Amino acid sequence: MTIASLFSELMSAIYRIPLQNIVGDRGYFIYQQVYPIYGIFSVLALSGLPVVISKTFAQQDSPAAKSKLLKLTFTVLLAGCLALTIFLWGSARYLAIFMGDPNLFHEIRAVSLTFLLVPFEATFRGYFQSDLEMTPSAISQILEQFIRIIIIIGSAILFGKGFLGIYQMGMIANSGAFIGGLFAVVILMLTFIKQREPLLQDDQDVKVKIERGLALEILLIVVFTGITIFYQFIDSFTILRLLMHSGMPIDRAEILKGVFDRAQPLIQLGIVISLSFVSTIMPQLREANQTKVNKTIIQKMMRVCLWLAVAETAGLVALMPEVNTMLFTTADGSLALAIYMLSIVLVSFINLMVAITSGDDEKNLIKLVLFIVSLVAKIALNILLIPHFNIVGAALATILSECIILAGMYLIYDNGVFLLSRDFLTKVISVGLLMGIVIKALATVSSHYLFLSRGHSILISVVLIPIGVLIYLGLSKKLKILSKSEWEILPMGEFITKFMKIED
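Just so we're clear, the structure is a prediction, and the values are computed from it rather than from any experiment. (Residues numbered from 1 in each chain as written. Predicted model: local features only at pLDDT ≥ 70, side-chain atom pairs only at ≥ 80, totals over all residues. Heavy atoms only, no water.)

Quick word on the overall build of the protein chain
Part 1 of the reasoning: Assigned secondary structure in the protein chain consists of 23 helices and zero strands.
Part 2 of the reasoning: Taking 504 residues into account, the globule formula puts the C-alpha radius of gyration at 23 Å, and the protein chain, at 23 Å, falls close to it.
Part 3 of the reasoning: Taking the principal axes of its C-alpha atoms as reference, the protein chain extends roughly 80 × 60 × 40 Å.
Part 4 of the reasoning: The buried share of the protein chain, taken over its 504 residues, is 54%.
Part 5 of the reasoning: For the protein chain, restricting intrachain contacts to residue pairs at least 6 apart in sequence, the fraction spanning at least 24 positions comes to 82%.
Part 6 of the reasoning: Carbon and sulfur atoms form 70% of the exposed surface of the protein chain, whose accessible area is close to 22,300 Å².
Part 7 of the reasoning: On the protein chain, the mean spot of the 38 positive side-chain charges and the mean spot of the 34 negative ones are 4 Å from each other. (Helix = DSSP H or I, 4+ residues; strand = E, 2+ residues; numbered from the N terminus. Rg over C-alpha atoms; globule rule 2.2 N^0.38 Å. Buried < 20%, exposed > 50% of the residue type's maximum accessible area, 1.4 Å probe, protein only. Contact = heavy atoms within 4.5 Å. Areas by Shrake-Rupley, 256 points an atom, 1.4 Å probe, with all protein chains shown as cover. Lys, Arg positive; Asp, Glu negative; His and termini not counted. Charge placed at Lys NZ, Arg CZ, Asp CG, Glu CD.)

Details of the packing of aromatic side chains
Part 1 of the reasoning: Enumeration according to the criterion identifies 17 aromatic pairs in this entry.
Part 2 of the reasoning: Judged by centre distance (5.5 Å) and plane angle (70°), the ring pair of Tyr127 and Phe192 falls under edge-to-face. With Tyr127 in helix α7 (residues 118-130) and Phe192 in helix α9 (residues 166-195), the pair connects residues that are 65 residues apart, well separated along the chain.
Part 3 of the reasoning: Ring centres of Phe230 and Phe371 lie 5.5 Å apart, and the angle between their planes is 85°; this geometry places the pair in the edge-to-face category. You can see Phe230 sitting in helix α11 (residues 227-245) and its partner Phe371 sitting in helix α19 (residues 364-412), a full 141 residues away along the chain. Note on accessibility: Phe230 and Phe371 belong to one class, buried.
Part 4 of the reasoning: Put simply, the rings of Tyr15, Tyr31, Tyr35, Tyr38, Phe41 and Phe115 touch in pairs and so form one group of aromatic residues. (Phe/Tyr/Trp six-rings, centres within 6.5 Å; stacked < 30°, edge-to-face > 60°.)

Points about the pattern of salt bridges
Part 1 of the reasoning: On inspection of all chains with the given rule, the structure shows eight salt bridges.
Part 2 of the reasoning: Where Arg125 meets Glu144, a salt bridge forms, and the shortest distance between an N and an O atom there is 3.4 Å. Placement of the pair is Arg125 in helix α7 and Glu144 in helix α8 (residues 135-160), with a sequence separation of 19 residues.
Part 3 of the reasoning: Overall, the relative accessible area of 0% leaves Arg125 in the buried class.
Part 4 of the reasoning: Judged by its relative accessible area of 1%, Glu144 falls in the buried class.
Part 5 of the reasoning: Of the charged contacts in the structure, one is a salt bridge between Asp261 and Lys257, with a shortest N-O distance of 2.8 Å.
Part 6 of the reasoning: Looking at Lys257, the relative accessible area reads 1%, which means it is buried.
Part 7 of the reasoning: A single salt-bridge network, built from bridges that share partners, covers Glu121, Arg125 and Glu144. (Salt bridge = Lys/Arg side-chain N within 4 Å of Asp/Glu carboxyl O.)

Structural notes on α11
Part 1 of the reasoning: With 19 residues, α11 extends 27 Å from end C-alpha to end C-alpha; this agrees with the ideal 27 Å at 1.5 Å per step.
Part 2 of the reasoning: Most pronounced at Asp235, the bend in α11 amounts to some 35°.
Part 3 of the reasoning: With respect to burial, α11 is a largely interior element, 14 of its 19 residues being buried.
Part 4 of the reasoning: Gly247 occupies a position one or two residues after α11 and carries a positive phi of about 105°. (Expected span 1.5 Å × (residues − 1). Bend = angle between axes of the 7 residues up to and from the residue.)

Quick look at helix α2 (residues 16-32)
Part 1 of the reasoning: Between the first and last C-alpha of α2 there are merely 9 Å, a value that for 17 residues lags more than 12% behind the 24 Å anticipated at 1.5 Å per step.
Part 2 of the reasoning: Maximal helix bending in α2 amounts to about 120°, located at Gly24.
Part 3 of the reasoning: Most of α2 sits inside the fold, with 12 of its 17 residues counted as buried.
Part 4 of the reasoning: Those residues of α2 not exposed but buried are Arg16, Ile17, Leu19, Gln20, Val23, Asp25, Gly27, Tyr28, Phe29, Ile30, Tyr31 and Gln32.

Looking at the confidence of the model for the protein chain
Part 1 of the reasoning: Put simply, the protein chain has an average pLDDT of 86, and 91% of its residues get 70 or more.
Part 2 of the reasoning: Least confident of the elements in the protein chain is helix α14 (residues 278-285), whose mean pLDDT is 52; most confident is helix α17 (residues 334-340), at 96. (pLDDT = per-residue confidence, 0-100.)

Regarding the packing of helix α13 (residues 263-274) against helix α18 (residues 343-356)
Part 1 of the reasoning: Interhelical geometry of α13 versus α18 gives an angle of 40° and a closest axis separation of 9 Å. By the angle between their axes, α13 is oblique relative to α18. Taken as a pair, α13 and α18 cross one another with a handedness that is right-handed. Residues Leu266, Ile267, Gly270, Ile271 and Ser274 of α13 pack against Ser343, Ile344, Val347 and Ser348 of α18. (Axes fitted to C-alpha atoms, helices over the stretch in contact; angles between N-to-C directions. Parallel < 35°, antiparallel > 145°, perpendicular 65-115°, else oblique. Left-handed = near helix turned anticlockwise from the far one by under 90°.)

A look at a nonpolar patch on the surface
Part 1 of the reasoning: Nonpolar side chains collect at one region of the surface, where Leu434, Val438, Leu442, Leu459, Val463 and Ile467 lie side by side and expose about 440 Å² of accessible area between them.
Part 2 of the reasoning: Mapped by element, the contributors of at least two residues to the nonpolar patch are α20 (422-449) and α21 (454-478).
Part 3 of the reasoning: Mapping Leu442 onto the fold places it in helix α20. (Patch = residues over 30% accessible without salt bridge, like charges linked within 9 Å, V, L, I, M, F, W, Y side chains within 5 Å.)

Considerations on unusual backbone geometry
Part 1 of the reasoning: Of note, the phi angle at Asn390 is positive, near 55°, even though the residue is not glycine.
Part 2 of the reasoning: Topologically, Asn390 is positioned in helix α19.
Part 3 of the reasoning: In this structure, Lys480 is a non-glycine residue whose phi angle is positive, near 55°.
Part 4 of the reasoning: The exposed category is assigned to Lys480, whose relative accessible area is 69%.

Some remarks on the environment of Val206
Part 1 of the reasoning: Among the secondary structure elements, Val206 is positioned in the loop between α9 and α10 (214-225).
Part 2 of the reasoning: A residue is classified by how much of its surface remains accessible, and Val206, at 22% relative accessible area, is partly exposed.
Part 3 of the reasoning: A sequence separation of 23 residues divides Val206 from Ile229, and the C-alpha atoms of the two residues are 39 Å apart.

What to know about the side chain of Glu486
Part 1 of the reasoning: Its place among the elements puts Glu486 in helix α22 (residues 484-489).
Part 2 of the reasoning: At a separation of 2.9 Å, a polar atom in the side chain of Glu486 contacts the main-chain amide nitrogen of Ser483.
Part 3 of the reasoning: Leaving out residues up to four positions away in the same chain, Glu486 has contacts with Lys300, Arg303, Val304 and Ile481. (Polar contact = N/O pair within 3.5 Å; in protein donor to acceptor, adjacent residues only side chain to side chain.)

Focus on the side chain of Asn174
Part 1 of the reasoning: Within the secondary structure, Asn174 is located in helix α9.
Part 2 of the reasoning: Discounting residues that sit within four places of it in the chain, Asn174 has contacts with Ile30, Tyr31, Val34, Glu107, Ala110 and Val111.

Digging into the state of the cysteines
Part 1 of the reasoning: Evaluated as defined, the whole model comprises zero disulfides.
Part 2 of the reasoning: With no disulfide of its own, Cys403 lies closest to Cys305 among cysteine sulfurs, the gap being 19 Å. (Disulfide = S-S within 2.5 Å.)

This is the structure in structure tokens:
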């Protein structure tokens with residue numbers, strides 16, 4: 001399941017690069033503007049709801065109770081998601097106008113259909129996962145993403161060859177989520193029919209166990225699993241309108257929003273890589289009474305995750321014009337994208353904090369309030385900053401809003417809860433800054449001799465990325481930021497420890 005989730009996230013991030021290359025910044029805007037609606041569906045169907053549902057299924061005492069819970073869960077989700085689909089379909093024109101482009105209503109309607117699949121995907125995935133049967137969830141998740149991406153890239157190619165208009169391309173690309181989801185539902189239902197006895201009929205008098213505070217837990221998991229999606233959702237409804245309100249023509253504003261959305265695959269990749277170890281430590285994180293051994297494992301994983309996140313952030317910020325040009329053909333919006341890259345380390349840290357404190361039900365409401373405050377701050381900061389600084393203001397608004405959650409989590413918990421010493425944080429941030437400064441200086445010197453074309457950007461990146469890696473590794477070894485056992489957690493960790501002659 002971990003491998004499937006990681007692979008799906010990687011696919012979901014990487015396809016956007018060829019998509020932007022084929023359809024351009026305006027075409028990318030047309031697709032990306034309604035993507036946050038799909039993102040919320042993805043959180044509900046793939047990650048947030050199945051986790052909570054599987055936990056609730058596992059707490060039942062009998063097959064009859066599980067049967068009754070299955071019917072209850074499916075019915076409640078079906079009613080809620082049907083109402084949401086009807087609302088989105090019916091209000092699509094108004095939502096498109098609110099987004100700033102009335103022609104987007106077809107895309108919104110295409111995405112709205114995906115919510116009809118949530119009851120099937122979330123319920124069956126949760127049911128299987130409660131019995132530790134991860135294969136159906138994993139296969140259906142990969143198949144869903146694969147079909148979706150084929151449809152997206154296919155529609156982009158047809159647009160590039162002139163067979164589709166730009167809004168037709170956007171509608172077909174966004175319908176890929178529903179079509180891919182249908183394949184996932186078929187896989188889950190066939191597996192259920194094949195492996196399960198018929199649902200028990202005599203479950204009327206059976207009591208279903210449901211924890212107090214379950215609704216709050218569901219809400220908390222959903223919002224923090226999709227934290228970046230909710231900020232994107234706000235951007236979809238504010239950036240274009242604020243740019244136009246400040247006097248920018250709609251065509252130019254749409255292109256600029258498309259440029260801003262270039263950051264999404266980079267941030268998604270960065271967060272996926274830095275947090276790829278979190279699922280490994282979730283069982284330990286959820287234990288009520290953590291042993292000393294468990295705390296040691298958690299501390300190691302946290303240190304490695306943040307060490308990776310700082311490296312990714314520093315490298316991308318330092319090389320942003322080059323990386324931007326290499327991946328997206330131009331250096332447009334590089335300052336905004338560089339600022340936005342700070343989200344990698346901030347969101348990674350936030351997710352780690354939420355994971356570590358997931359067993360503390362008493363403060364779940366405070367965490368939710370923090371999240372809501374950050375969303376309100378994001379809206380207010382967008383309104384204040386975008387008219388003056390364009391997409392740079394939008395990037396700053398996101399970073400500052402994430403800092404509110406980070407600061408709030410530190411205030412409501414003792415620092416000791418997070419198992420990270422001030423010495424470690426100081427060292428890892430210092431090493432990241434130093435590496436970033438050196439690479440930025442080398443990139444600046446290179447730009448005096450090489451015109452910033454795509455070919456030259458690839459050359460500069462190919463040369464400077466390994467230099468940055470060696471600087472970061474060397475300084476980390478010299479300052480003893482990670483122990484030998486922590487180095488070995490990394491991909492090719494044993495090779496790194498031998499190559500760098502790292503000893504305990």
